[in-house]
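Single-letter residue listing:
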Amino acid sequence: MKAMQARVRKLLEENKIDGFIGLKMEHGHPAPFMFSRENLGEMETLVVGDVRYPLNKALLKVSGQYPDLTFGVMVRGCDERGITELLKWNQLHRDRVIPVGVACSSELAQLCECYKPYPSDWVVGEKTEGIAKSKRLQKIEGMNQKERLSYWLNQFNKCIKCYGCRDVCPMCFCEVCSLEDRNFILTGKLPPENPTFHLSRAVHMVGRCIDCGLCEEACPSNIPVRTLYKKINEIVKEYFDYRTGESSEGKSPLNLLGEVTLELSDVNK
Amino acid sequence: MAKEAQSVPGFEPKIIAFLCNWCSYGGADLAGVSRLQYPANTRTIRVMCTATISPHHILKAFQKGADGVLVAGCHIGDCHYIKGNYMTIKRVAVLKELLRFTGFQEERLYLDWISSAEGVRFAEVIRNFTQKVKEMGPSHLRTTY
Amino acid sequence: MEYKTVLTTCGYCGCGCGLYLEVLDGQLVGAQPCKTDSVSQGGLCIKGWNVHEFVQNSERLTKPLIKKDGQFKEATWDEALDTVASRLKKIKEENGPDRIAFLTSAKCTNEENYLLQKLARAVVGTNNVDHCARL
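What counts and what doesn't
- Residues numbered from 1 in each chain as written.
- Chains lettered and ligands numbered in written order.
- Predicted model: local features only at pLDDT ≥ 70, side-chain atom pairs only at ≥ 80, totals over all residues.
- Heavy atoms only, no water.
- Helix = DSSP H or I, 4+ residues; strand = E, 2+ residues; numbered from the N terminus.
- Rg over C-alpha atoms; globule rule 2.2 N^0.38 Å.
- Buried < 20%, exposed > 50% of the residue type's maximum accessible area, 1.4 Å probe, protein only.
- Contact = heavy atoms within 4.5 Å.
- Areas by Shrake-Rupley, 256 points an atom, 1.4 Å probe, with all protein chains shown as cover.
- Pairing = 2+ DSSP bridges.
- Axes fitted to C-alpha atoms, helices over the stretch in contact; angles between N-to-C directions.
- Domains from an automatic or database assignment.
- Buried area = accessible area lost by both parts, 1.4 Å probe.
- Salt bridge = Lys/Arg side-chain N within 4 Å of Asp/Glu carboxyl O.
- Polar contact = N/O pair within 3.5 Å; in protein donor to acceptor, adjacent residues only side chain to side chain.
- 1 Å grid on protein atoms, 1.4 Å probe; cavity = no way out; pocket = protein on both sides within 12 Å on 5 of 7 lines; lining within 4 Å.
- Points joined across faces, edges and corners; volume = space filled by probe spheres on them.
- Nonpolar A, V, L, I, M, F, W, Y, C, P; charged D, E, K, R; others polar.

1. What to know about the overall build of chain A
Counting its regular elements, chain A contains 11 helices and 5 strands. Scaling as 2.2 N^0.38, a compact globule of 269 residues should have a C-alpha radius of gyration of about 18 Å, and chain A matches this with 20 Å. Considered along the principal axes of its C-alpha atoms, chain A spans approximately 60 × 45 × 40 Å. Residues classed as buried in chain A amount to 57% of the 269 residues present. For chain A, long-range pairs separated by at least 24 residues make up 65% of all intrachain contacts whose partners lie at least 6 apart in sequence. When the accessible surface of chain A is totalled, it reaches about 11800 Å², and 49% of it is carbon and sulfur.

2. Notes on the sheet that holds strand β3 (residues 68–73) of chain B
Residue and element names in this part refer to chain B. The strand order across the open sheet formed by 4 strands is β2-β1-β3-β4, and the pairing between neighbours is parallel. Two strands close off the open sheet at either side, each with one partner strand: β2 (42–47) and β4 (109–113). Across the sheet, the mean angle from the axis of one strand to that of its neighbour is 20°, orientation sign disregarded. Two strands pair when backbone bridges link them, and strand β1 (residues 15–20) and β3 are joined in this way by 5 bridges, in the parallel orientation. Its bridge partner being in β3, Ala17 is matched across the sheet by Leu70. In this fold helix α2 (residues 55–63) packs onto β1, β3 and β4, with an angle of close to 150° to the strand it touches most, β3. Taken strand by strand, helix α4 (residues 119–136) contacts β1, β2, β3 and β4, and its axis lies near 160° from that of β3.

3. Section: the arrangement of the chains
Across the 2 pairs of chains that are in contact, the largest number of contacts falls between chains A and B. Kept free of each other, chain B and chain C leave a smallest C-alpha distance of 23 Å between them.

4. Focus on the domain arrangement of chain A
Residues and elements named next belong to chain A. Along its sequence, chain A is organised into domain 1 (2–112) and domain 2 (135–267). Taken over C-alpha atoms, the centre of domain 1 sits 26 Å from the centre of domain 2. Facing the 18 residues of domain 1 at the interface are 29 residues of domain 2. Summing the contributions of domain 1 and of domain 2, the shared interface buries around 1900 Å²; its carbon and sulfur component is 54%. Joining domain 1 to domain 2, the criterion identifies 1 salt bridge. For Arg52, the salt bridge is made with Glu217, and the minimal N-O distance between the two is 2.8 Å. The tally of links between domain 1 and domain 2 comes to 15 residue pairs in polar contact (both at pLDDT 80 or more). Going through the elements one at a time, α2 (55–65), α3 (77–88) and α4 (106–112) are the ones with two or more residues in the side of domain 1 that touches domain 2. For the side of domain 1 that touches domain 2, the element with the highest residue contribution is α3, accounting for 7 residues.

5. A few points about the pairing of strand β3 (residues 27–33) of chain C
Residue and element names in this part refer to chain C. Counted residue by residue, β3 has 5 buried out of 7 residues, so it is predominantly covered. Pairing of strand β2 (residues 18–24) with β3, which is carried by 6 bridges, proceeds in the antiparallel orientation. Along β3, the bridge assignment pairs Val23 with Leu28. Between the end of β2 and the start of β3, which pair antiparallel, lie 2 residues, with Asp25 showing a positive phi angle near 50°.

6. Quick look at empty space enclosed by the protein
Unfilled space is identified by rolling a water-sized probe across the atoms. All names here are of chain A. A complete count under the given rule lists 7 cavities of 30 Å³ or more for this structure. In this model, the largest cavity occupies a volume close to 110 Å³. Cys159, Cys162, Cys165, His198 and Cys219 are, among the 15 residues lining the largest cavity, the residues nearest its centre. At the level of secondary structure, the elements contributing two or more residues to the lining of the largest cavity comprise α7 (164–168) and α8 (196–204).

7. Focus on the environment of Leu264 of chain A
Tracing the chain through its elements places Leu264 of chain A in helix α11 (residues 264–267). Assessed through its relative accessible area of 21%, Leu264 of chain A is described here as partly exposed. In this structure, Leu264 of chain A is in contact with Ile89, Leu111, Asp112 and Trp113 of chain B, ignoring residues within four places of it in sequence.

8. Side note on the interface of chain C and chain A
On the side of chain A, 32 residues touch chain C, which itself brings 25 residues to the contact. Here chain C and chain A share an interface that buries about 2300 Å² over both sides, 63% of which is from carbon and sulfur atoms. It is Met1, Tyr3 and Lys35 of chain C in chain C that bury the most area against chain A; as a group they hold 34% of the surface buried on that side. One can count 2 salt bridges joining chain C with chain A.

9. Structural notes on the interface of chain B and chain A
Where the parts come together, the accessible area they lose is often given as the size of the interface. Taken residue by residue, the interface counts 38 residues in chain B and 49 residues in chain A. Carbon and sulfur atoms supply 70% of the area buried between chain B and chain A, which totals about 4000 Å² over both sides. Counting across the interface, chain B meets chain A through 3 salt bridges. Here Lys83 of chain B ties to Glu259 of chain A by a salt bridge, and the two come within 3.1 Å at their closest N and O atoms. Put simply, chain B and chain A have 16 residue pairs in polar contact (both at pLDDT 80 or more) between them. Every element with two or more residues in the side of chain B that touches chain A is listed here: α2, α3 (84–101), β4 and α5 (141–144) of chain B. If one sorts the elements of the side of chain B that touches chain A by residue count, α3 of chain B sits on top with 15 residues. Split by residue class, the side of chain B that touches chain A holds 22 nonpolar, 7 polar and 9 charged.

The following block contains the structure:
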């Protein structure tokens, strides 16, 4: 914590950044907040813990308002992947973001089943090994078709259409959302069209989902959407050899025509 | 809720066929002009290119009760828009994997390339796919919504 | 340049979900569920997610309006309250208290809602009391 506070203070004092988006302990709750040179006195309240907020989403809002300023942001492994992708999707400018890393605790890494629970560089925490294969994915893959169908139909039927998964998602930056297209998703109907609503969002997560899991944490109905998007990441890796957010090279497979690497026999298995 | 997926006597499936204007629709045209016989279970939707078909359209077709969805475009390299079908095959591959994972029987979605010279093959593809969907029985989504 | 979040409680219904309003340079730009809130535990419904929208909305009414000659006209609070009081009194005298109903609001506190039902039952004399978020 002290190391993080010292690093942020230094960055601000040396004018490397104009603001730092992190968490501030207030009223006993950690809350998203921007530390700047005007409120250096509050640096003591900067905290790092296992509570996570979509700080990249806050960064998009602030940097959208001040495109010429440079901002620091607290990143975990997932947030760093997010920044890498947001740069590729032209939502941030490379010279305008300075990430300050946090390595996740082993408990959090286990809970998330994160394959890389640490950023490339960090000032707080210790590196813990990632989890190569998600157990929740294995559990569903072990079911037969009928079990999978009834599992997901039941899960999707719990949806109260709060759009929380989308609103919290740091990778959802579109100005127009197809899930709000009334020709596509009927309005005034609960649960929303099952499975169109959830599968459409899943398709949109191709090359975007950084597996931060905020969607599932935000879901008031506890739908295991994260498992669905973990599967999407696996599909993208298997078919296109693309790991979302891992490298600044290459673009998301559905964001780029590229060359064709698949054959009909790969698709109609 | 979920109906048994097996052959139902007298069941006639409803199949939505997205055909690209330049190749597969031409193939369908040729099949018609050549008076080839094939099952009348398909409802054709002509699109300018298969790349214009978003996974939304396919999902919506299933949601509205289609028992099968066929997407047919030009062979790779023959696309009127050079690379449109490159995107189609990627999208369909992802969507089919997703449908498999969620138990929505990805066999109900079928992708093929049919050129405008392949009238005979068009009839054959429709025949085979209709037969396959018929054997699978009605879609689960017919009864849930 | 200032970005901060303000911890508050959702005003849309009786659940009382904890949320943060995101403030960028004095403008509300979003709402986030409070992860550590013991009531909502990091979840919100669609109303909570959009709770920031009405506060600074240009279409929000900030002054009472009274309909005169078929047109709504801006009025002072005294004028509006006098009108309401006199009309309610008249209705009660002419048609009885059960011709009047009270609809209270989730945007008020528990205590304010208590006072309103007290006004309905003790002063006006009707049990026609309901709430916009009676779940």
